[in-house]
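Coordinate analysis (summary)
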Amino acid sequence: MRSVKDSMNEHNRITAKVSRVTIAANTVLALLKAAAGVIGHSGAMLADAAHTFSDLFASFAVLIGVYISDNVRSADKEIFRNRIEGIISVLLSLLLAYLSIEIGMGGVITVISGDYKTAEAPTMLPLAVALVSIVIKEALYRYSIKSAEKTDSVVLRAIAWHNRTDALVTIGSLIGILGARCGYLVFDPAASIIISILVMKAAFEIFIDAVRTLKNKR
């Protein structure tokens, strides 16, 4: 029978591994999206890149939490670990909420001001990057959620759903870019607004899950 210590070591090992894989993938995707948004004239893709950058923050925070959990001297390291995971998830949810407001307001201002009417239509570059990103982020979701179920980790579930949300966000970007390329330039900023709503929804769900973890005394 495995001891609590062995279970925690396994939990931390898997969590660290998932975080490193996520960091590597998101670093590449965030840079690709940012470059595609600038070069390809797509505000939706730039908003998408901002959301992906937030994934990096989340994964780095998780690695810090694992390090603290591995090195802390506490009578009950499992409870302490859960507290760390809950706090990290709360911070992640707040970051997502902030990004959703920034993205949404940018899209609303662009639509109301009519600036999209004189904007240049997105090129094929952000469209191609969006397709690649959707496939990679969905794969990351499946990898992360499987690990979360194995370790019963709230923070890995948060990372998993963050990856799934990023895939949904990119689908919104894809629709916006396609619409803009078909002559409906308002689709690109409109996609930014839809993306902000999806991000806020994810932030709320992660926050609720984190609060439940922090309130759990076991």
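Before going into details, it helps to say that this report is about the structure given with it. Predicted model only: the values in this text are computed from it and were never measured. (Residues numbered from 1 in each chain as written. Predicted model: local features only at pLDDT ≥ 70, side-chain atom pairs only at ≥ 80, totals over all residues. Heavy atoms only, no water.)

What to know about the side chain of Ser-133
To keep things clear, this is the line we draw: In this description a helix means any DSSP run of H or I spanning at least four residues, a strand means any run of E spanning at least two, and both kinds are numbered starting from the N terminus. Any pair of residues with heavy atoms lying within 4.5 Å of one another is described as a contacting pair.
On the secondary structure map, Ser-133 appears in helix α4 (residues 124–151). Ignoring any residue separated from it by four or fewer positions in sequence, one finds Ser-133 in contact with Leu-29, Lys-33 and Thr-170.

Describing unusual backbone geometry
Within the chain, His-41 stands out as a residue other than glycine whose phi angle is a positive 60°. Locating His-41 in the fold gives a position in the loop between α1 (4–39) and α2 (43–71).

Things to note about helix α5 (residues 154–181)
So the rule is basically this: Helices are assigned an expected span. That span is 1.5 Å times one less than the residue count. Each residue is placed in one exposure class: buried if its accessible area under a 1.4 Å probe, protein chains only, is under 20% of its type's maximum, exposed if it is over 50%, and partly exposed if it falls in between.
For α5, which comprises 28 residues, the first-to-last C-alpha distance of 40 Å matches the rise-based estimate of 40 Å (1.5 Å per residue) to within 8%. Buried residues dominate α5, accounting for 20 of its 28 residues. Gly-183 lies just past α5 and shows a positive phi near 105°.

So, empty space enclosed by the protein
For clarity, the threshold we go by: Both cavities and pockets are sets of points on a 1 Å grid over the protein atoms alone; in a cavity a 1.4 Å probe fits but cannot get out, in a pocket the set is open with protein on both sides within 12 Å along at least five of seven lines, and lining residues sit with an atom within 4 Å of a point. Grid points are joined across faces, edges and corners, and a volume is the space filled by probe spheres set on the points. Ten residue types, Ala, Val, Leu, Ile, Met, Phe, Trp, Tyr, Cys and Pro, are classed as nonpolar, four, Asp, Glu, Lys and Arg, as charged, and the remainder, Gly among them, as polar.
One pass over the full model with this rule turns up two cavities of 30 Å³ or more. There is about 30 Å³ of room inside the second largest cavity. Lining of the second largest cavity is provided by Thr-22, Asn-26, Asp-55, Ala-58, Ser-59, Ile-159, His-162 and Asn-163. Broken down by secondary-structure element, the contributors of at least two residues to the lining of the second largest cavity are α1, α2 and α5. Among the residues forming the lining of the second largest cavity, the class breakdown is two nonpolar, five polar and one charged.

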